[in-house]
Each structure stands twice: as structure tokens, then as C-alpha cells.
Amino acid sequence: MKQREGRIPILTYQGIPLWRDDRVIKGVVQVVSAIIVVGFLYFFISNILTAAENRGLALGFDFLSEAAGFPIGESVFIQYDPSMSFGQAFAVGLLNTLKVSLIGVVFATLVGIIVGVARLSTNWLLRSIAGVYIEIVRNVPLLVLLFFIFFGVFQQLPDVQNSFAIGDLIFLNQRGVYMAWYLTTGSTVTWAIILAAAFILAMIAFVILGSYQVRTGRSTYPGWIALGILIGLPIIGWFILPEQPLNLDLPVLGKFNFVGGLTLTTQFTALLIGLIFYTGAFIAEIVRAGIQAVSKGQVEAAKSIGLKPMQSLRLVIFPQALRVVIPPLISQYLNLTKNSSLAIAIGYPDMFAVGRIMINQAGRAVPVFIMIMVTYLLLSLTYSVILNLYNRRIAFVER
Amino acid sequence: MESITPEVLRPIRTLGPIAWLRRNLFNNWYNVVLTFIVLGVIYKVLIGLINFLLQANWDPVTTRPVLYLVGQYPAEELWRIGLAVFIISFLFGISWGNWGDLVQTFAYLIIAGSAAAAFIPSTIISVSWPVRIFFLVNITLVFVGRAVGRSRFGKPRTILILWLISLPIVIILIYGFAQSEFMPVVLTTLWGGLMVNLLLAAIGIAASFPVGVILALGRRSSLPVLRWFCIGFIEIVRGVPLITILFMASIILPLFLPGDIRIDRLIRALIGITMFSAAYMAENIRGGLQAIPLGQYDAAKAIGLNSTLTTLLIILPQAIRLVIPAIVGQFIALFKDTTLVLIVGLLEILGVGKAILGGNPQWVTSQTEVYLFVAAAFWVFTFSLSRSSRHLEKALGVGER
Amino acid sequence: MKRTRFFILIATFLVLAFILAACGGEEEPETIEVEVTRIVEVPVEAEAEMLDIQQNVIDRGRVVCGSRTDLAGFGYLDDAGRNIGFDIDFCRAVAAAVLGDPEAVEFVPLTAAERGPALQTGEIDVLSRNVTWTSSREAQWGNFTNVMFYDGQGFMVPVASGITTLEELDGATVCVTSGTTTETNLADAFRQRGLDFTPVVFEDTATVYSTYESGGCDATTSDKSQLASIQSGFADPDAHMVLDITISEEPLTPATPSGDDNWNDIVTLVSYVLINAEQLGVGQGNLDEMLNSDDIKIRRMLGVEGEFGQADLGLDADFAVDVLRAVGNYGEMYDRYLGPNGLAFTLPRGPNELWTKGGLIYAPPLK
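The rules behind each value
- Residues numbered from 1 in each chain as written.
- Chains lettered and ligands numbered in written order.
- Predicted model: local features only at pLDDT ≥ 70, side-chain atom pairs only at ≥ 80, totals over all residues.
- Helix = DSSP H or I, 4+ residues; strand = E, 2+ residues; numbered from the N terminus.
- Contact = placed C-beta atoms within 7 Å.
- Buried ≥ 20, exposed ≤ 12 C-beta atoms within 10 Å, placed from the backbone.
- pLDDT = per-residue confidence, 0-100.
- Pairing = 2+ DSSP bridges.
- Nonpolar A, V, L, I, M, F, W, Y, C, P; charged D, E, K, R; others polar.
- Axes fitted to C-alpha atoms, helices over the stretch in contact; angles between N-to-C directions.
- Parallel < 35°, antiparallel > 145°, perpendicular 65-115°, else oblique.
- Left-handed = near helix turned anticlockwise from the far one by under 90°.
- Core = buried A, V, L, I, M, F, W, Y, C linked by C-beta atoms within 7 Å.

**Notes on the overall build of chain C**
Piece 1. Assigned secondary structure in chain C consists of 15 helices and 14 strands.
Piece 2. By sequence separation, contacts in chain C at least 24 residues apart represent 71% of the contacts at least 6 residues apart.

**Description of the overall build of chain A**
Piece 1. Tallying secondary structure elements over chain A gives 13 helices and 8 strands in all.
Piece 2. Considered along the principal axes of its C-alpha atoms, chain A spans approximately 110 × 70 × 45 Å.
Piece 3. For chain A, contacts bridging at least 24 residues in sequence account for 66% of all contacts bridging at least 6.

**Let's talk about the interface of chain A and chain B**
Piece 1. Opposite the 42 residues of chain A that make contact, chain B presents 41 residues.
Piece 2. Secondary structure elements with two or more residues in the side of chain A that touches chain B: helix H2 (22–54), helix H4 (124–138), helix H5 (142–153), helix H10 (309–339) and helix H13 (365–398) of chain A.

**Structural notes on unusual backbone geometry**
Piece 1. Of note in this structure, Phe-77 of chain A is not a glycine but carries a positive phi near 65°.
Piece 2. Structurally, the position occupied by Phe-77 of chain A is in the loop between H2 and helix H3 (86–119).
Piece 3. In this structure Phe-77 of chain A comes out as exposed when scored by C-beta crowding, with 10 C-beta atoms within 10 Å.
Piece 4. Phi is positive for Asn-130 of chain C, which is not a glycine, with a value near 60°.
Piece 5. Classification of Asn-130 of chain C by C-beta neighbours within 10 Å gives buried; the count is 28.

**Details of the confidence of the model for chain A**
Piece 1. Scored by pLDDT, chain A comes out at a mean of 85, with 94% of its residues at no less than 70.
Piece 2. Put simply, helix H1 (residues 2–11) of chain A is where chain A has its lowest mean pLDDT, 50, and H3 of chain A is where it has its highest, 95.

**Some thoughts on the pairing of strand E8 (residues 149–158) of chain C**
Residues and elements named next belong to chain C.
Piece 1. With respect to burial, E8 is a largely interior element, 7 of its 10 residues being buried.
Piece 2. In this structure, E8 lies alongside strand E13 (residues 249–252), joined through 4 bridges in antiparallel fashion. What sits directly across from Tyr-150, in E13, is Pro-251.
Piece 3. Taken together, the 4 bridges between E8 and strand E11 (residues 219–223) define a ladder with antiparallel strand orientation. Along E11, the bridge assignment pairs Phe-155 with Thr-221.

**Comments concerning the environment of Leu-294 of chain B**
All names here are of chain B.
Piece 1. Its location among the elements puts Leu-294 in helix H14 (residues 294–302).
Piece 2. Owing to 7 C-beta atoms within 10 Å, Leu-294 belongs among the exposed residues under this scheme.
Piece 3. Remark: the alpha-carbon pair of Leu-294 and Ile-315, spanning 21 residues in sequence, is separated by 9.9 Å.

**Some details on the interface of chain A and chain C**
Piece 1. Listed by partner, the interface residues are 46 residues for chain A and 44 residues for chain C.
Piece 2. At the level of secondary structure, the elements contributing two or more residues to the side of chain A that touches chain C comprise H2, helix H11 (343–346), helix H12 (351–362) and H13 of chain A.
Piece 3. Ranked by residue count, the leading element in the side of chain A that touches chain C is H13 of chain A, at 8 residues.
Piece 4. Classifying every residue of the side of chain A that touches chain C by side-chain character gives 23 nonpolar, 16 polar and 7 charged.

**Section: the sheet that holds strand E1 (residues 164–166) of chain A**
Strands belonging to one sheet form pairs held by backbone hydrogen bonds; the direction of such a pair is parallel or antiparallel.
All names here are of chain A.
Piece 1. Reading across the sheet, the 4 strands line up as E1-E2-E3-E8 and stay open at both edges, with antiparallel pairing between neighbours. Since the sheet does not close on itself, it has two edges, and those belong to E1 and strand E8 (262–265), each with one partner. Adjacent strand axes in the sheet meet at a mean angle of 10°, parallel and antiparallel pairs treated alike.
Piece 2. Taken together, the 3 bridges between E1 and strand E2 (residues 170–173) define a ladder with antiparallel strand orientation. Opposite Ile-166, over in E2, you have Ile-170 as the bridge partner.

**Thoughts on the packing of H14 of chain B against helix H15 (residues 307–337) of chain B**
Residue and element names in this part refer to chain B.
Piece 1. Packing of H14 against H15 brings their axes to within 10 Å, and their N-to-C directions diverge by 130°. Our classification of the angle between H14 and H15 gives oblique. Where H14 crosses over H15, the handedness of that crossing is right-handed. Here H14 contributes Gln-296, Tyr-297, Ala-300 and Lys-301 to the contact with H15, which in turn contributes Thr-310, Ile-314 and Ile-315.

**Describing helix H8 (residues 205–213) of chain C**
Piece 1. With 9 of 9 residues buried, H8 of chain C lies mostly within the body of the structure.
Piece 2. Three or more residues of H8 of chain C are buried, namely Thr-205, Ala-206, Thr-207, Val-208, Tyr-209, Ser-210, Thr-211, Tyr-212 and Glu-213 of chain C.

**Overview of the sheet that holds strand E2 (residues 70–71) of chain C**
All names here are of chain C.
Piece 1. If you trace the 3 strands from one edge of the open sheet to the other, you get E2-E3-E4, paired in antiparallel fashion. Strands at the two margins of the open sheet, each flanked by one partner only, are E2 and strand E4 (83–84).
Piece 2. With 2 bridges connecting them, strand E3 (residues 75–77) and E4 associate as antiparallel partners. Pairing of Tyr-76 across the sheet is with Ile-84, part of E4.

**Notes on the nonpolar core**
Piece 1. Among the nonpolar cores identified, the biggest contains 284 residues, and Val-144 and Leu-146 of chain A, Leu-246 of chain B together with Val-94 and Val-323 of chain C are the most heavily contacted of them.
Piece 2. At 15 residues, the largest contribution of residues to this core is made by helix H8 (residues 266–293) of chain A.
Piece 3. Aside from chain neighbours lying at most four places away, what touches Val-94 of chain C is Val-63, Val-126, Val-267 and Val-270 of chain C.
Piece 4. Among the nonpolar cores identified, the runner-up in size contains 6 residues, and Ala-198, Ala-202, Ala-226 and Ile-229 of chain A belong to it.

**Examining the environment of Leu-69 of chain B**
Residues and elements named next belong to chain B.
Piece 1. Along the chain, the position of Leu-69 falls in helix H5 (residues 65–70).
Piece 2. With 122 residues separating them along the chain, Leu-69 and Trp-191 place their C-alpha atoms 9.7 Å apart.
Piece 3. Not counting the four nearest positions on each side in its chain, Leu-69 is found in contact with Gly-193, Leu-194 and Met-195.

**Topic: the packing of helix H10 (residues 261–280) of chain C against helix H15 (residues 330–338) of chain C**
All names here are of chain C.
Piece 1. Two elements in contact, H10 and H15, have axes whose closest approach is 6 Å; the angle formed by their N-to-C orientations is 95°. As far as their axial angle goes, H15 and H10 are roughly perpendicular. The segment H10 lies against H15, with Leu-274, Ile-275 and Glu-278 engaging Tyr-330, Gly-331 and Met-333.
Piece 2. Among the residues making up the contact of H10 with H15, the classes are represented as 4 nonpolar, 1 polar and 1 charged.

Put into C-alpha cells, the structure is as follows:
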């Protein structure tokens, strides 16, 4: 009997008690967290609905078709005027955000690469000045930097009547940059087609000649020939076409402002320059780290096969550094896009700024806010899709 | 500690100034060109800067130093902030004595700042005698702290605990007690200036740390509901600019709360900042978690730890150690981002500048001076931080794996 | 994998957002249904839910006042960092009336975008921040009280430009503050006349005017009071002029959250007291002698004899004494900041003169 009693715990073993059973715990945690999330959502949504009822808070999106009534300083693609709808005003803001982000991304990359390479230059002065630039810009808030560029640099430029001028082509004053631009004519479309064709032909020539050169080892000058096609065809087209495909549109000083040409407003230019220099400093550090990640042996190998410094940078170091550089680079692009929302501080009408004005003028805080959030999320989703595609490609190359 | 590396052994070649110039600036034709271009640019910028500084009007900055530092905080309660400064300086002193390099830059910063405030000529900024003495005492405190830190009382763990409890003490000091004659409540609407930037960043990082850990663990959890929620939160917050989050916290959040619940504006901004920072913190910590070798999990299992204990005792401590430099980097970024609360109407240092410029039309053209001053203030702090961060990386040996 | 999941999550978020929007926006019948249920519950809940701002203020011991910190003359900071200005003094007057202490005010600085939501959520008890009273704001934000300042939108241009009419501004660049009625008024005025302009829009006023002064725009537009204040601060005030054009009416009026008539009445009554006091010649300086005045109107206002509704609103009989002792009468408030020796700048009273002197300032009698 006593012996049997001693065995009882083992014999009557019923499995782990419920409160220690992993599956049960997991289930409970799941249910509890789900309840908390749903509970919060319910709490917020029911509150906002009560508020909508009691305090006259409007939640619908119907106002988007009403006339906006407020002016917007600049717009691309859409010729905005205040009689247009709130929806169109928001679109103008979104396009402005895209405009400054896309241009900013391109130039920030350029600045980043130049400064990143300069940081590793053998020239002590260049190296130090690049370091100073990076340390100053990275340690100052972007908002302060933007204010400084706007007030400290652009507001100090001469006024419209006394603009800096480069011939008749470019004028620079407090209100922005006024540049000569093109005007389309009857032949523009044809010429654009020629341009596209030249581009495609040049690509084809480059690929075919290049592979021929690799196969036979005979120099076929693919780069020069492609460049010749790319430049030659459009030039021929320019003179053959009955009408000159593009006319020069010069900015001319009118009563108040320059008229004609391309105008980059101070707000836009200051924001762009701020974003470029700020993001450029971060990109420079990424580029520097990327270059330093390429092993020394590679550089020495490049030197030993007789590549010049620029060639080894272009052909050996960059392609390898790229793999390290691209992922953080794309997240910097995303940062730049998000940071463009600081436009509000210096009066550039980006999506956030326009959205805020809409909240004021239409009194619809919640719907406008949802629109802003969702649009930014879609933008960042785009960036992460690009990053993912790149990562996948890299992964394939590696294995 | 010091190991002899080959570099130390290499004979140091000293170059004459001309040889140095030749080697570093004029070694080939394009470097010569570059050198002259850079010199030209430096010359232009310096001339511009000097010209500006000579004719600048610093009145919007120099006439209201207190506003820039602490905002509208009532003058008769300022001693509480002074006490808080003493505590922080003393702690930095102790840490300096004990940790050396890590906080050295900050100790120097406090000493230099205090000395500047104590000895600045009254013609530039009028500082009263008690305030000057206060700053002198502050410098002494740093050195006293250093001595304490070097003595047998200075143990790293004690110092860490002191730091942790100092934050709530400082906040209580600044906020005060309800129904207290001695330390009455100072409403947060009166807080402002650089103090708010520092508080927002410090509390934001401190508060976002636990949230970030939970989110990071949640994101790696095998429970789908939890994981989805964490992924959703992290990605949504990281996908939008901070000002939209702040805007949400300041304008949208109150609309979502019942009428009788009101959250203080500063707290609302803090909620926004914490949410934002927590999402980035979570990703940093997740990076650390991923870097822990699987063997650690197996070893923990082998000595009979369950999954909760494994995470808490084995994995997290190692992961956090790995990501400390990243967290310092995040703190720097967050500190800079605190200027954005200007856009939701709080009187942080930039907001004070704006208020002064707006309230005094005679200074409407002196905006550059104000922004230059604010930029310099931030630069001093963030530059010291990033210096410390570099020392920290070395001390933790993170980069060397 | 993770990205796909994230995408699904975003999609859910979107759907949620639109459901939320749909609920609030279009489905009228549902809203009515909800209201019906509420009506049934009214007898029990209505009393408990009644908003009683006055009680809240007394419990809290201070009035929460939505204000601004960056507009000279109306709401700004003095050298010591104390809130001062015409709008600020009004809040102090309300605090004096309800709590007997003009210092018992918490000033919440609001940006233009926050004004509406702050009223709607009841975060503030009084909005005294240079707000133009418009019908849509009355409908959406809260309840307005009594006009404290009659303003109108005007234009400022450099004298050298030779411009005197709006038509001459065709094609000009105009600096304006965003999120205000100013912005839409500007657009309306130009559109109406078929004129063209380039707007340069900023969030804060200081930026607008510094851009204007440095030549970043040909003209700037705002309430005329603001233009005057800014002009006074320019390096060369005589080089600029405010055009003799007014394109809008801007009645700057304090507002209170909706749902508490009693509180709205109290704030309105404070403004009536300020105006009546000026009309009766009672001010900060002569308050003590006026307490012994024989004029029945004065005696009633100061609570010496008679009643004009204070008790019904839950105010002390002599609250007017506290108000006047704290900030003075309307004219004294005005002169303190905008008068000939004002702290901020000098602005002729114009429409803000008492009706007896040809202005628009008029208050119902205290009876």
C-alpha cells in the first residue's frame, strides 16, 4: 500500500495544470490582448461618435467637394485657384510634397556621395571641411536649420529690383530663383519621340557593343557610340523639324515680379536646400561607412591591375559599397520625405501644411487627419516595397 | 587594460610644416585645385559670418535669458529648478569621477556653461549676484561629485540607481505638490524654454524604453494577435512624420476622449513623443535581440529556465547592452525633434524665440540671431552627446564583434 | 511575409477609417435614432451631465484661458515672461469676476489650428485669442460672447511703391498668415475684382512681417490693428503705409464652449461691465470714490444697491468692483496697450470708441 501511495503522483499525472500549460497561457494572452485592443478602439470610436453628436464635430468626407476658398502659393500640374475644392487643394499639397521629396532625394544623394567621398579624401583641408559640415548639420535640429536658411540666407538676398543675374537666364532674389525655361511648340511632341528613340537606341547599342567587346576583347567603344547616338539624333531632329521644337522662355521683370520662365519660390528652395543639406550629411556618413566596409585588399587589388583612383572608386569600391549603403540610404529617403512636413514652418504648401489649413477652414480635424496619416503611410509603404525588392535582389546575388 | 597595439609601436614620423602641406594638400594637381576651391569657400563663409556677427542685434536673446532657459516659470519658485540643476550637476560629477571619458564632455560642458554664466559681463546679460554665486557653487558641486565618484562610495550600480531616481525627483521638484505652501504646484503651461526640450527628451526616452521593449518582444512573439498589433503600431508610427503624431496628440486625441477627461498639454505632447520614440526603440531593441546567438536560448533551456525567464534574465540584458549606443543616437535625434512641439504651441526654446519676436515688433528683423542662438544651444548639447556616445561604443566594445 | 501582413493591417486601418467616417458623415437616419434614445434618458442623465464650467472653475481655482503669446498688444509676454495684452486682460477680468483674483488664470497658448478643437473639447473655459466671430465658427466651435474689438482686414505696402488701391496690386506677391479668415478674405477680395496675386502663406505672424519688411512680398494683409502694431516696430515705419481699404469685418470676440449658457452669460456680462464702466466714467483710478457715488446706475453696477442679474448667474453682488480693480474699464484696457502711451503701440480707437463718441462699442444696460 505504502509503496503504491508513493507512486501515486506519477500514476495519477493528469498533465500540466491549466495555469502552467503553455497553450492555455498563450491562448489567454492572445484573447486578453485582443480584448484590450478592441476595447481601446471601441472606447475611442464611441467617444468620437458621442462627441460628433454633442459638440457638432463633423466627421464626414463630404466637405472635400466644397470650394476651398483659401489660396495656395504654388502648385504643380494642377492650376490651383481658391474656387477649387478641398479635395483638389489636398492633391496640390500632396503633389508639392512629392515634388520636394523627389528632387530632394536626388540632390541629397549627390551631396551625400560627394561629401562622403570627400570625408575620405587624401586632401586634409577637404576632409576636415567635410567633417565640420557633417558635425554641424547633424547636431542641429532640422527645424532650426530651415529657419536659419530661410531667414539667414534667403531673406538676406537682394530684392526683386536688384536681383543677382546671370545674363538674361537666371535671376536670384528674395522671392526665389527665376530661370529660363522652355515653351512647347508644334514640333515638341515629335522631338520628344525622337529623344525617347535615341535613348532606346543608345541603350541597345551600348548593350550589344558591350557584350561584343566582352566576347572578343576588341575595343568597340560602347560608351562613346551610345553617347553619340543619344546626343546626335536629337540634334539632327532639332534642325530637321519644321518648327524649332522648344522655345526659350526668359524670365522678365514685370511690375511686381519676374514673369515667364521657371520660378522656384524661396519657400520651396529653402526647404529643398535644408532637406538636401540635412539629409546629405546623414547620407555622407552612410557612404563613408559603406566605402570603409569594402576591404582594403580590394582597393589594393584594383591598384595592382592599374586602375586609376577614380576608376577604382567607380568600378571596384562603389559597386561593393552599394550593398551596405542602399538599405540605410532608402530609410534616409523616407526620412527626407517625412521631414518635408516641416515645410509648414517656412510657408511651403506641402500636404501637411495644406491639411492644417483645411482643418482650420473646413473645421474637420478628424477626416483631414486621417487623410494625412494614410497618405504618409502609403508613401512609406512605397519606400519599404522598394527596399524589399532591392533586398531580395541582393539576397539572390549573394547565394 | 591598455594593450599594446602595433600602431603604438610604429615610430611616429614628424613632418615639417612644408612637407605636411605638400603631403596633405598639394600632392597632385587636382588636390591643389580642390585646396584652393575649399579655401575660397571657407573665406567666403567666414567673411559672411563675421559681417553678420558684427552687425547682429542680439537683444532678442540677451534681454530674456530666463525665458529661453525655463520659460514662464515663476521667479519666486526658480530656486527649485536651481536645486534640480545642482542634483544633475552633482550626478554628472560623480559619474565623471567613476566612468571617466563617458561623461567627461558633459562635465566640461556644465563647468564651461556655469563659468560663462558666472563671469559674463553685465553689459551683455545682466546676471544678479546670487545667480552668479549659484553657478560658482554648481561648478564646485561637479568637482565634489567627481571626488565622491572616485572614492569608495562610487560604484557603477549605485550611480546608475541614483540616475534613475533623479529623474522623478527632478520632475517632482519642478512640478511641486498640491496644497503645499513651500513648494506649490507650478502648472505645466508655465514650463518652457530649454528645460522643456530636455525634459521631453529625457522623459520621452525613459518612458519609451519599457514600451519599446514590450513592442520588440511582441513583434517577435509567436502569438499572432499580439504580433500583428505590435507590427501595426511600429510600422504605422514609423511611417508618418513626428509632427503628425504630435498633431494627433494635441488636437485629435482630446476629441477621442470623453468630455470630462482632460489631459495636460505637455503630457499630451509627451504621449506623442513617447509613442513615436517607442516605435523606433522597439526596432533598435529588436536588432539587439536578433544579434543574440541561438546558443544562448539553448543554454538557458538547458539550465531549466522557462521562456519568460530566458527572455528576462538571459536575452534582454545582452540585447540591451548591444543597443545602448543606438539608444543614445535615438536620444540625440529625439532631443533635436523636441523643437517640433513648437508647431503644437508649446513654449519650448524655439517657441520662446518666436513669442519674443512676435511680441516685440521692433525685433522683427532679428530672426536670424534667434535661430543662430537656438542652433548653437542645440549643437553644444548634441555634439557632447555624440562624443559621449562614441566613447560608450568603445567602452562596450560593441563595434568590435 | 511580414510586409504582406503589414499591408493587410494598413488596409484594415483604411477600412476602419472609412467606416468611422461613414458613420459620422452620411447616415442621417442613424443619428436620429441615437438621439431618440437619448431623449428618453434625459430626465435622469441630463442633470448629471450638465456642463457646469463655473463650478469647474471654482473647484479648480482658476480660469483656463485660450490665448496667444506672440501678438504685440493683444497677447504677448512682458520682459519677465508674464502674459499681457488686451485679450489677456479680458481673461483676467473674467477670473476677477468669478474668483475675485485676476491672477487665477491659466493661459494656454494656442496655435490658430488649435483654437476650434480646444473649444470643442472644452479644454479651455474662455477663448480670448483675437478670434473673428463668424457664423460657421459659431456653429462649429462654441458660443461667442460680445465683440471686444472691431477690426477689419487691410493691406500694408511700402510707400515707395505708390500703390493706393487694391486694383494696383494686380499681380503682386502678398504675404498672409495661414489658417485664418484673413487668408480666405484675401482670396475672395482679389477674385471678386478679377485680380491676380501670388500668396506667400506662413503659420506665424512674425515670419509674415519679417518677410514683408525684407522685401519678400509686395504687400501684406491682416487685421488693421495688427498691421499698425507691426508698422510701429519696423526699422523705418514711415516707409510703409496701411492702405485706406478694408476688405472685411473682423469682430474679435471671446468665445466659450457650447453647452453651458450660464457660463457664456457670465463672460458676456463681464464685457458689458467693462463697457458700461467706461460709459459711466468708473475706472481703476476712481473706483473707491465711485463706491460712494449717488448715480443709481453706478451704485447698481458696483453692487452697492440693486441687482442686475449677478445672483442669478452665481456671481457676487460686487463682482464688478473686482473686475474694475483688476483691469480697469474698457477704455483703460485699451489705452494700457494701444493708447497714446500704450505698452505696445498706438492705435486710434476708431470704431472701438464708445457709441456715445461715434464708435461701435455699445453694451446693453446693466439692469
